Amino acid sequence: MAVDMELEAVLRPPECPQAHYPAKVITLANSKRMVVREVTRDDVPTLLKAVHPTLFIDKDYYNVVGARIYSELLAWQYYRVQNEFCLVGQIDGIMVGMVNSRMYTAETGMSLHTLAIDRGLRVGAHLFAAKMEHHIEYLGQDEVLIVAESPIGFRRWMIEYGLEPTTIPHELGGAPSYRLTRELYFASKARLVVGDRPVPEELMALAEKEIVVADEAMIREKIVGLRGR
Amino acid sequence: MSEIKITGYKCKACGRVHYPKHEQCLTCKGRDFEPLTPDGNARLLAYTQIFNLPWGFDERFLIIGVGEFENGIKAMGQIKADSLDKIKTGMELKPSWEPVRHQYGEPVYGLKFKPLE
Amino acid sequence: MRDVAIIGVGMIPFGRRDQDSLVDMLAYASLKALDDAQLGDKAVDAVYVANMGGGILQHQTAIASALVDRLSLLPAAADTVENGPASGASAVKNGVLAVASGYYDVVLVAGGEKMREVSGWRATDFVATLTHPEVEYPYGITLPGMAGMFTRLYMEKYGLTREMLTAVAIKNQTVGTLNPYAHVTMAITKEGILESPHSVVNNPIIADPLHLYDACPISDGAAAVLLCPLEMAKKLTKHTPVVIAGFGQATDTHTLQEREDPTDLKAVTLAAQQAFTMAGIGPEDIDVAELHDAFTILEVAESEHVGFFKKGEGGKAALAGRTKLGGEIPINVSGGLKARGHPVGATGVAQVVDITWQLRHELPEGRQVLGATYGLTVNFGGFGNNVLSLILKRSA
């Protein structure tokens, strides 16, 4: 659509400076290499293709998470959200998961979502850890506010990271936030955050060449794991 | 020190110590038992640190072990430690009787072990 | 006592089966076994259903009554067998006794469990209900926790290493990729779960010293077998009949702490010995085995306790590849509980189904143990407090 930049200047939220997340590569349980890297607004249409099938998966709150991510990505693409960022995980170029988040203030991060498409490889755990790594280590924030929409998320984030409960309403639905502080992050980092930098050139080139998105039926199969009779 | 509310059962015929209760002795089928309460400290026989706890626990992990008291009662309990770094099979444990979980909003009391040394 | 044959087997793919109820799964597996048997006009006389958790997980009891009705096998006798994670083999054993005694001719045994309906927390709690309700359960002990304590003792006593346990996990998940019924069909590597520094996240500790990939997944699934007298089987079936050559069952103390030597799984040894005696063979005669590897340590310990290896040698044998397909005693060529999954009530029946396929020589290359005549199963209930072993034989 045609963009009226004068009007945009009024509508777009002001953003604070935001550091770039340096890509890393993680060796997974099956020895596959997952590249974790920050993507840009230009990648949003591709990401939406991966998120779309989750809108209709009424299991594990995938539809709730999917619909929210979908809107968050669109809002990011059209500059209707402040200081959002998005990291993707790719194996051989194929997108296996993503996380998004935003800077609420320069000091406080507001964790948005984690979507794992390939399950059983701890892709979600690795990507969530990368998101926290970005908030604390690269964006230099003091804390991240987090809520979980699913039991899997609750267990993974609140318990594994030993997060502090707070009464601060989270942007996602107003539920009381849990807080990851710098101290908690560094206390858990050794067992939760891994990855090698820099990413070897050929792996990075493959990842950047194209974010390959599986077809919708395949994504549904991977997530829901429906098996035949 | 809180009282350890555990009753072991020593077979009057062969002396085998049981915990929990059996109606007949595991060794000789005897039915007469002398009740025993745990005596002194315990020695650690086996232990683990469990993540992925069942419903009802909010902790990130629990360290659970089996201790043997000086009078032969062997019992499971939660070990008070932040990690397994200083936990060793055979080490001495000081027992206490404390809430080990909550069920239906009420504390459930049980055995805890504090590692000594 | 009559010789008892397996004339039909059926299984549905294990995994997460949101679309199916517990009784749906049992019915689908049963129909497969009935079709496989080609019973003709012979009626099913009795049905034994193995299920551990219907009452807790589905709030449904009397599963066998529901299944005979669903299959329209009325007025067949129907019993539900609940014996913890050994329910499956218990139901098979009861079916075998019923046919062997001469009382029933055609018996259907179906095992199933639906565990993914609840969260992992609830499923863990459900399985933990088999521990002692006063002296174990309140402390938060879980089955992985029991296995963790056992593993450490085994390591201390026998020098078992993580590398040996990892070898079991890799072996079973590798062959599991070839099993269309397996829940987990993803191969894992030593690099990814042990050697890489990234393995701390890939393969975290679940119950020290056991890690994530030492444990089976939580699964939905069902399996079924159809039993009849061998003489009838020879007339009815197009398959080479497989007979139950022996079975054994033994119990041990409810709690691990009351065992004189907690590394000694007496019930496994006794169950296997009974089965060997009945079959008139020894461990050296077994061509293929399905052992209850809910945790990698259990495959190792059971391989020793049934007599394939000396105590303390099972881990080394696994590491050396002696338990792989092509090795001297292929263990869990189905992928075992590790890869096939462990819907608790289904497992003991699924083991019999897999061994039956092996003994019929029906499996594809990469899974078939060539020329297999004898197969053994171990179905491990509680933490070794109620164990069954079955020996199946290809009837020449």
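Think of each chain on its own: its residues are numbered from 1, step by step along the sequence as written. As they are written, the chains are lettered A onward and the ligands numbered 1 onward, keeping that order. With pLDDT at 70 or above as the cut-off, local features in this predicted model cover only qualifying residues; side-chain atom pairs require 80 or more to be listed or tallied, and sums for whole chains, interfaces and linings still use all residues. Values reported for side chains reflect all heavy atoms of the structure, with hydrogen atoms and water molecules removed beforehand.

J.: Would you explain the interface of chain C and chain B in this entry?
T.: Note on interface size: it is often stated as the accessible area lost on association of the parts. Taken together, the contact pairs 30 residues of chain C with 37 residues of chain B. Each of two parts loses accessible area, computed with a 1.4 Å probe, when they are put together; buried area is these two losses added. Taken over both partners, the interface formed by chain C and chain B buries close to 2800 Å², and the fraction arising from carbon and sulfur atoms is 58%. Interface area lost by chain C to chain B is led by Tyr139(C), Gln257(C) and Glu258(C), which between them contribute 28%. Salt bridges are counted wherever a side-chain nitrogen of Lys or Arg sits within 4 Å of a carboxyl oxygen of Asp or Glu. Where chain C meets chain B, there are 1 salt bridge. Close ionic contact of Glu260(C) with Arg16(B) constitutes a salt bridge, the shortest N to O distance being 3.6 Å. For the purposes of these results, a polar contact is taken to be a pair of N or O atoms within 3.5 Å, where, inside protein, one atom must be able to donate a hydrogen and its partner to accept one; residues adjacent in sequence count only when each atom of the pair is a side-chain atom. Summed over the shared surface of chain C and chain B, the result is 14 residue pairs in polar contact (both at pLDDT 80 or more). We count a stretch as a helix when DSSP gives it H or I for four or more residues in a row; a strand needs E for two or more, and each element gets its number in order from the N terminus. For the side of chain C that touches chain B, the elements supplying multiple residues, two or more each, are α5 (120–128), α6 (143–158) and β5 (205–207) of chain C. A total of 7 residues in the side of chain C that touches chain B trace back to one element, the largest contributor, which is α6(C). Following the grouping adopted for this structure description, the nonpolar residues are Ala, Val, Leu, Ile, Met, Phe, Trp, Tyr, Cys and Pro, the charged ones are Asp, Glu, Lys and Arg, and the polar ones are all others, Gly among them. Its residues assigned to classes, the side of chain C that touches chain B shows 12 nonpolar, 9 polar and 9 charged. Whether two residues touch is decided by their heavy atoms; if any such pair falls within 4.5 Å, the residues are in contact.

J.: Help me understand the sheet that holds strand β3 (residues 33–36) of chain B in this model?
T.: Backbone hydrogen bonds hold the strands of a sheet together, and the pairing may be parallel or antiparallel. Strands were regarded as paired on the criterion that DSSP finds at least two bridges between them. Taken in spatial order, the 3 strands of this open sheet run β2-β1-β3 (chain B), and their pairing is antiparallel. At either margin of the open sheet sits one strand with a lone partner, and together these are β2 (17–18) and β3 of chain B.

J.: Help me understand the pattern of salt bridges, please; the structure alone is not making it clear to me.
T.: A side chain of one charge can pair with a side chain of the opposite charge if their charged atoms are brought near each other. This model, assessed by the stated rule, comprises 38 salt bridges over all chains. Between Lys234(C) and Glu231(C) there is a salt bridge, with its nearest N and O atoms 3.8 Å apart. Of the two residues, Lys234(C) and Glu231(C) are both situated in helix α10 (residues 230–236); the distance of 3 residues between them amounts to about one turn of the helix. The structure contains a network of salt bridges with shared partners spanning Asp60(A), Arg119(A), Arg16(C) and Asp18(C).

J.: Would you explain unusual backbone geometry in this entry?
T.: Apart from glycine, the bulk of residues carry a negative phi angle, and the bulk of peptide bonds sit in the trans form. The step from Arg197(A) to Pro198(A) runs through a cis peptide bond, and the omega angle for that step is -10°. Secondary-structure assignment places Pro198(A) in the loop between α6 (182–192) and α7 (201–209). We note that Ser72(C) has phi near 50°; this positive angle belongs to a residue other than glycine. Among the secondary structure elements, Ser72(C) is positioned in the loop between α3 (63–70) and β3 (77–81).

J.: In this structure, what is going on with the sheet that holds strand β4 (residues 94–103) of chain A? I would like to understand it.
T.: Residue and element names in this part refer to chain A. Taken in spatial order, the 8 strands line up as β1-β2-β3-β4-β5-β6-β8-β7 in an open sheet, and their pairing is mixed. Edge strands, defined here as strands with exactly one partner in the open sheet, are β1 (24–27) and β7 (164–169). Across this sheet, the average inter-strand angle for adjacent strands is 30°, counted without regard to direction. Across 4 bridges, the pairing between β1 and strand β2 (residues 33–38) is antiparallel. Among the inter-strand pairings, Val25 is bridged to a residue of β2, identified as Val35. For helices, the fitted axis covers only the stretch in contact; all axes are lines through C-alpha atoms, and the angles between them, taken along N-to-C directions, range from 0 to 180 degrees. With respect to the sheet, helix α4 (residues 123–138) is in contact with β1, β2, β3 (84–91), β4, β5 (108–116), β6 (143–146) and β8 (176–181), its orientation differing from that of β5 by roughly 160°.

J.: Just checking my understanding: could you explain helix α5 (residues 151–159) of chain A for this structure?
T.: For an α-helix, 3.6 residues make a turn, and residues three or four places apart therefore share a direction. Taken as a whole, α5(A) has its buried residues at Gly153(A), Arg155(A), Trp157(A), Met158(A) and Ile159(A). The inward-facing, buried residues of α5(A) contact β5, α4, β6 and β8 of chain A together with α5 of chain C. Burial here depends on accessible area, computed with a 1.4 Å probe over protein chains only, as a share of the maximum for the residue type. Under 20% is buried, over 50% is exposed, and the range in between is partly exposed.

J.: Would you explain the side chain of Ser101(A) in this entry?
T.: Residue and element names in this part refer to chain A. Structurally, the position occupied by Ser101 is in strand β4. The exposure class of Ser101 is buried, given its relative accessible area of 0%. Here Met110 takes part through its backbone oxygen, which lies 3.1 Å from a polar atom of the side chain of Ser101.

J.: Would you mind going over the pairing of β7(A) with me for this structure?
T.: Each regular strand carries side chains that alternate between the two faces of the sheet. Across 3 bridges, the pairing between β7(A) and β8(A) is antiparallel. Across the sheet, Pro169(A) pairs through a bridge with Pro176(A), a residue of β8(A).

J.: Any chance you could explain the nonpolar core here in plain terms?
T.: Where a protein is soluble and globular, its nonpolar side chains tend to be buried together. Residue and element names in this part refer to chain C. In this structure, Ile297, Leu376 and Ile391 are the most contacted members of the largest nonpolar core, which totals 94 residues. Sorting elements by how many residues they give to this core places α6 first, with 8 residues. Not counting residues up to four positions away in its chain, the partners in contact with Leu376 are Phe276, Ile286, Val288, Ala289, Glu290, Leu291, Val306, Phe308, Ile355, Ser389, Leu390 and Ile391. Only buried residues count toward a nonpolar core, which is a set of Ala, Val, Leu, Ile, Met, Phe, Trp, Tyr and Cys residues joined through side-chain atoms within 4.5 Å. Ranked by size, the runner-up nonpolar core spans 44 residues in total, among them Val9, Ala100, Ala350 and Leu363.

J.: Just checking my understanding: could you explain the pairing of strand β2 (residues 46–50) of chain C for this structure?
T.: All names here are of chain C. Burial runs high along β2: 5 of the 5 residues are buried. Side chains Ala46, Tyr48 and Ala50 project from β2 onto one buried face, and the interleaved Val47 and Val49 project onto a second face that is buried too. When β2 meets β3, the two strands line up parallel, connected through 5 bridges. Within β3, the residue paired with Ala46 across the bridge is Ala77. Relative to strand β4 (residues 107–114), β2 runs parallel, the two being bridged by 5 bridges. Bridge pairing in β4 links Val49 to Ala110.

On their own, these measurements won't tell you what the molecule is for.
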